[in-house]
Amino acid sequence: MKNTRRSFLQKTALATGAFCLGFDWFKAEGKAGAMVASAVDAGRFNAYLEISSLGKVILYSPNPEIGQGIKTAFPVVVAEELDVDWKDVEVRQANLDTQHFERQLTGGSGALKHSWDRLRKAGATARQMFIQAAAQTWKVDASTCKTAGGVVLGPGGQKASYGSLASLAATMTVPAEPTYKNRKDYKIIGKRTKGVDNANVVTGKPVFGLDIDKPGMVIAQIIRPPFGATLKSFEATDALKMPGIVDVISFKNKVAIVGQSTWQVMQARAAVSCKYDGQNLESESTHKKWFDEGMATDKAQVQRKDGDFQAAIAKAAKVVEATYECPFISHSPMEPMNFFADVRADGSVLLAGPTQVPQSAQKAVASLLKLDEKKIEVELSKMGGGFGRRLNNDYALEAAELSSLIKKPVKVMWTREDDMTGGIYRPAVRYHFKAGLDASGNMIAFYLRGVGLNAGNATRQDNFPVGAIDNVLIESVNQVSSVTTGPWRAPITNFLGYAEQAFLDEVAEAGGKDPIQMRLDWLARAKSNPVGKITYEPDRFIEVIKQAAEKSQWKKKPGVSQGFSVYFSHLSYVAQVADAVMVNGKPKITHVTAVTDCGEVVNLSGAENQVKGAIIDGMGHAMFAKLRFNEGVAAPANFNSYRLIRGNEIPTIDAHFVDNGIAPTGLGEPALPPTGGSVANAIYAASKKRLYRQPFDI
Amino acid sequence: MSIQLTINKKKVSLDIDPNTPLLWTLRDHMSLKGTKFGCGIAQCGACTVWVNGEATRSCVLPISAVANADITTIEGLSEKGDHPVQVAWDQLDVPQCGYCQAGQIMTAASLLKKKPKPTATEIVDGMSGNICRCGTYHRIQEAVKLASDLASKKKSSTTKKSA
Ligand code: FES
Ligand code: FES
């Protein structure tokens, strides 16, 4: 054998006897044989899991962790089907590797949903290969062997650990379709598994983007222009003389202050002044005008039409009409934006930092700097929250551009003020609803127009109660603004859910119906005889509603006012009942009951954390958050006046999950959209005050 | 002119601007990155450290003000990461993104030092100065209670051992 690198690796590996199972995402779509096993080291191919002769199990998590727990949940699924003890598992973060992982992205609650089948397949395939290796060794039929806790058990009481079988297992044929566990035998899935990063977090290890420190690295902050403005000039003479300052440089209407340490950069930044040019910069009054115009225009885009809304509303016995409004808000993850970039003279680039979409960062930097994508390496750090903000790589591109200009490795850090005023917000939206009821209070006509500022289609036209109502008209208007927007946890539905669920509460009241029964009646209709296309499953809707009614003791709690809401998003269903009482003449939310159908719950601890966190998030932003614009500048700029919910303002929360064994669907987001609605409806029940805009005025 | 600081029981001498906030001194000059930047204006608690045992926000504290003080950061809270608060945080699986948690832990540990058996209200009030954007507040509050229980068990077992 020639002493090539390959043979060397094989020999080394055979000496240590590691089993590596890789997975070729690209060939995997519905095809057999996509899985590859080898006894060579994992770094060389698309490794998924690795088991050494010592029995150490290493599972690779392709997706970066942002707080929704997939770095733990992914390996849980593999470990379950592999049938190993969780305590023997070590989880490692894989860096960006476009050759080997297809979906290295955290967002859209899709990470787990997308990967469920593949992860199970990886675990089950490896398990089957260990069984084959053992059966061959013992000369028994593979079907007579079992596994438990990383050990193959033979029919005559034989035992062999996966570790001892590793090198032989690697030579077995990869089964085309492995056998899977029965879910009643699950030992890890559905149980509480602690986050794999906990030890690092509680001891303060430098795992986040802002903690990145590389040799020769300088630090930069960037002054960004008001939205819609261009930089005319800047004055940095004094700043450049200040200690530790390396450069003050402008690009793309921005001014970067570069220095040796954060504090030196902050000091110098205060000594830089900028002049801007800009006409018709946007203010709150501009946005109000655009909402008004959007509501009045006859050029709205029709998103859905069932029956004849105009004719039906004309003959309705009663009409209910309301306008709801939600402002621009910031994502404000606890760790502000930051990124490290080192653009080198030889055309190679190192990017490092917190991004949900490393692959698009790589592509975007390649095209911005006209470099070869293959020479751009991306290191993934843990992310101090994202809520959608880190789906946009503006901050990574900025760092790369700056590094290419100053020819140094640089970490760009955003202050909280930069983070809050620097853009990419949840779009502001105004909704107008109209419902026509017949003489017995049934809704026969439903109308919604959503006018969004950079929101695209601000409606979700196929969502319930559409499908249960005969005459529907749904329209959207998008007003183009220079204020940058992007997905914010549960895009669109995070405010549409509130507005719609609050409006339906008005509809129930006007029709003299119980809000829960009204929805159940509609769902019965959508199930038996749907109007047009529906995207939801009525039965799953019905189940979460019924359970929420029961678990919250709907309308049976003396002295407590309750509000109901239910929402379908990211393929999951969440029903909520919020409890409110009056304290010193003001309504206070004391408790929320949530029933979630997100299919199989992979990690109960993580799932509970997500649901409670999403409810607190939804409630906090509905009650407190708002950004206003004045001549293109956002305010407020920090947590002293942009209020985030705190620990003494939260209700108790019961999070229940429907146990149905369906493949997992989204969980990071779906509990948020119904929250504004359940809270607003409970507050109405307690105080008789309807809340038509966020932040709530109570 | 250099400034002397005592950080996690170690004496260090630094030759930097005495107005530098302790937060950036720790992070940029001492490679202690466990203390986090969240707001820079004493609003969020991510940067909480102990100054002479008191939970203090390091983002607005110039080092000139703490020259002779005893400073403890998350890295110095315990040698093996086994302070009852750290153990409770792991056991109850408190963190989501984890970014705020060093500050939460330093606040909680200082609260328990003053009040080893805090009431539920004292826990809520004592922890409300720290923001968690991920909304892990319920578990934070439960973990403070658990840490208090763990600490009193540990104490009674060490008393027994020494008896
Ligand atoms: S960073 Fe110091 S309190 Fe927020
Ligand atoms: S865990 Fe993310 S901010 Fe607290």
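Because the structure is a prediction, the values reported are computed rather than measured. The residue numbers shown here count from 1 along each chain, following its written sequence. Throughout, the order in which chains and ligands are written sets their labels, letters from A for the former and numbers from 1 for the latter. With pLDDT at 70 or above as the cut-off, local features in this predicted model cover only qualifying residues; side-chain atom pairs require 80 or more to be listed or tallied, and sums for whole chains, interfaces and linings still use all residues. Only hydrogens and water are set aside; all other atoms, that is, all heavy atoms of the structure, feed into the side-chain values.

K.L.:
Residue-level account of the interface of chain B and chain A, with values.
P.N.:
Accessible area lost upon the coming together of the parts serves often as the stated size of an interface. With 48 residues of chain B at the interface, the matching set in chain A holds 62 residues. Reported buried area values correspond to the accessible surface (1.4 Å probe) lost by two parts on association, with both partners' losses combined. The contact between chain B and chain A buries some 4,300 Å² in all, and 56% of this surface belongs to carbon and sulfur atoms. Salt bridge, as applied in this entry: a Lys or Arg side-chain nitrogen positioned within 4 Å of an Asp or Glu carboxyl oxygen. Between chain B and chain A we count six salt bridges in total. In the analysis that follows, any N or O atom pair within 3.5 Å is treated as a polar contact, provided that within protein one partner can donate a hydrogen and the other can accept it, and provided that, for residues neighboring in sequence, both atoms belong to side chains. For the interface between chain B and chain A, the tally reads 29 residue pairs in polar contact (both at pLDDT 80 or more). Strands here mean DSSP runs of E at least two residues long; helices mean DSSP runs of H or I at least four residues long; both are numbered from the N terminus. Mapped onto the side of chain B that touches chain A, the elements with two or more residues apiece are helix H1 (22-29), helix H2 (84-91), helix H3 (101-114) and helix H5 (137-162) of chain B. Per-class residue counts for the side of chain B that touches chain A are 18 nonpolar, 20 polar and 10 charged. Only heavy atoms enter the contact rule, under which two residues are in contact if any of them lie within 4.5 Å. Each residue receives one of three labels: charged for Asp, Glu, Lys and Arg, nonpolar for Ala, Val, Leu, Ile, Met, Phe, Trp, Tyr, Cys and Pro, and polar for the others, Gly being one of them.

K.L.:
Residues and numbers for helix H3 (residues 70-82) of chain A, please.
P.N.:
Residue and element names in this part refer to chain A. With 13 residues, H3 extends 18 Å between its outermost C-alpha atoms, agreeing within 8% with the 18 Å of an ideal straight helix rising 1.5 Å per residue. Most of H3 is tucked away: 13 of the 13 residues are buried. Where H3 ends, the next residue or the one after it, Asp83, has phi of about 65 degrees, a positive value. One less than the number of residues in a helix, times 1.5 Å, gives the span that helix is expected to have. Exposure categories follow from relative accessible area, calculated using a 1.4 Å probe and restricted to protein chains: below 20% of the type maximum is buried, above 50% is exposed, and the middle band is partly exposed.

K.L.:
So what's going on with helix H17 (residues 604-624) of chain A? Residues and values would help.
P.N.:
For H17(A), with 21 residues, the first-to-last C-alpha span of 30 Å sits near the 30 Å given by 1.5 Å per residue. Within H17(A), 20 of the 21 residues are buried, leaving the element largely enclosed by the surrounding structure.

K.L.:
Mind laying out the sheet that holds strand E25 (residues 586-597) of chain A, listing which residues take part and the relevant values?
P.N.:
Residues and elements named next belong to chain A. At least two bridges found by DSSP between two strands is the condition for calling them paired. If you trace the four strands from one edge of the open sheet to the other, you get E23-E24-E25-E28, paired in mixed fashion. Pairing within the sheet leaves two strands with one partner each, and these edge strands are strand E23 (561-569) and strand E28 (652-657). Put simply, the sheet's adjacent strands are angled 20 degrees from each other on average, direction ignored. In this structure, strand E24 (residues 572-583) lies alongside E25, joined through 11 bridges in antiparallel fashion. Helix axes are fitted to C-alpha atoms over the stretch in contact, other axes to C-alpha atoms as well, and angles between N-to-C directions run from 0 to 180 degrees.

K.L.:
Can you break down the pattern of salt bridges residue by residue, with the values?
P.N.:
Two side chains with opposite charge may pair up if their charged atoms get near one another. Residue and element names in this part refer to chain A. If you walk through the whole model with that rule in mind, you get 59 salt bridges over all chains. Here Asp85 ties to Lys87 by a salt bridge, and the two come within 3.7 Å at their closest N and O atoms. With a closest N to O distance of 2.7 Å, Arg430 and Asp292 form a salt bridge. Separated by 138 residues along the polypeptide, Arg430 in strand E20 (residues 429-437) and Asp292 in helix H9 (residues 284-296) bring together distant segments of the chain. The exposure class of Arg430 is buried, given its relative accessible area of 11%. Accessibility expressed as a relative area gives 33% for Asp292, which makes it partly exposed. Each member of the salt-bridge network shares a partner with another, and the members are Lys288, Asp292, Glu325, Arg430 and Arg693.

K.L.:
Go over the pairing of strand E12 (residues 254-259) of chain A with me, naming the residues and quoting the values.
P.N.:
Put simply, side chains in a regular strand alternate between the two faces of the sheet. Residues and elements named next belong to chain A. Buried residues dominate E12, accounting for six of its six residues. Both faces of E12 are covered, namely the face carrying Lys254, Ala256 and Val258 and the face carrying Val255, Ile257 and Gly259. Sheet analysis places strand E9 (residues 218-223) next to E12, joined by five bridges and oriented antiparallel. Following the sheet pairing, Ala220 is matched in E12 by Val258. Two strands pair when backbone bridges link them, and strand E11 (residues 245-251) and E12 are joined in this way by six bridges, in the antiparallel orientation. In the strand pairing of E12, Val248 is matched with Ile257. Connecting E11 to the next strand, E12, in antiparallel fashion are two residues, including Lys252 with a positive phi near 45 degrees.

K.L.:
Run through empty space enclosed by the protein, naming residues and quoting values.
P.N.:
Points on a 1 Å grid over protein atoms alone make up a cavity when a 1.4 Å probe fits among them but cannot get out, and a pocket when they form an open set with protein on both sides within 12 Å along at least five of seven lines; lining residues each have an atom within 4 Å of a point. Grid points are joined across faces, edges and corners, and a volume is the space filled by probe spheres set on the points. Applying the stated criterion across every chain, the model contains 12 cavities of 30 Å³ or more. Of the volumes computed, that of the largest cavity is approximately 190 Å³. Residue lining of the largest cavity: 19 residues in total, with Gly69(A), Thr72(A), Gly195(A), Pro95(B) and Gln96(B) positioned closest to the centre. When contributions to the lining of the largest cavity are tallied by element, the ones reaching two or more residues are H3, helix H6 (198-202) and H17 of chain A. Classifying every residue of the lining of the largest cavity gives three nonpolar, 11 polar and five charged. Considered as a void within the structure, the second largest cavity measures approximately 80 Å³ in volume. Considering the residues around the second largest cavity, the lining is formed by Ile616(A), Asp617(A), Gly620(A), His621(A), Arg643(A), Leu644(A), Ile645(A), Ile131(B), Cys132(B), Arg133(B), Gly135(B) and Tyr137(B). The element that contributes the greatest number of residues to the lining of the second largest cavity is H17(A), accounting for four residues. When grouped by side-chain class, the residues that make up the lining of the second largest cavity number six nonpolar, three polar and three charged.

K.L.:
Account for the sheet that holds strand E6 (residues 146-148) of chain A, with residues named and values stated.
P.N.:
Pairing between the strands of a sheet is mediated by backbone hydrogen bonds and can be parallel or antiparallel. Residues and elements named next belong to chain A. In space, the three strands of this open sheet follow the order E6-E7-E8, with antiparallel pairing throughout. Both edges of this open sheet fall to E6 and strand E8 (159-161), since each of them pairs with a single strand only. Adjacent strand axes in the sheet meet at a mean angle of 30 degrees when their direction is disregarded. Both E6 and strand E7 (residues 151-153) contribute to a ladder of three bridges, which runs antiparallel. Across the sheet, residue Lys146 finds its bridge partner in E7, namely Leu153. On the sheet, helix H5 (residues 162-169) packs against E6, E7 and E8 and is oriented at approximately 75 degrees with respect to E8.

K.L.:
Please give an account of the domain arrangement of chain A that cites residues and values.
P.N.:
Residue and element names in this part refer to chain A. Its domain assignment divides chain A into domain 1 (2-202), domain 2 (209-278 + 337-413) and domain 3 (300-329 + 425-687). Summed over both partners, the interface of domain 1 with domain 3 comes to about 1,500 Å²; 53% of that surface belongs to carbon and sulfur atoms. Viewed at the interface, domain 3 and domain 1 are joined by three salt bridges. At the boundary of domain 1 and domain 3, one finds seven residue pairs in polar contact (both at pLDDT 80 or more). Secondary-structure elements contributing two or more residues to the side of domain 1 that touches domain 3 are H3 and helix H4 (110-138). An automatic or database domain assignment provides the domain bounds reported here.

K.L.:
Can you tell me about the domain arrangement of chain B, naming the residues and giving the values?
P.N.:
Residue and element names in this part refer to chain B. Structurally, chain B comprises domain 1 (3-76) and domain 2 (84-155). Summarising the inter-unit geometry, the C-alpha centres of domain 1 and domain 2 are found 21 Å apart. Between domain 1 and domain 2, the residue contacts involve 16 residues of the former and 14 residues of the latter. Roughly 1,200 Å² is buried in total at the junction of domain 1 and domain 2, and carbon and sulfur atoms are behind 57% of that figure. At the boundary of domain 1 with domain 2, the tally comes to one salt bridge. The closest approach of N and O atoms between Glu54 and Lys114, which form a salt bridge, is 3.5 Å. Taken together, the connections running from domain 1 to domain 2 amount to seven residue pairs in polar contact (both at pLDDT 80 or more). Listing elements by their share of the side of domain 1 that touches domain 2, those giving two or more residues are strand E3 (48-51) and strand E4 (54-57). Counting residues per element, the side of domain 1 that touches domain 2 draws most heavily on E4, which supplies three residues.

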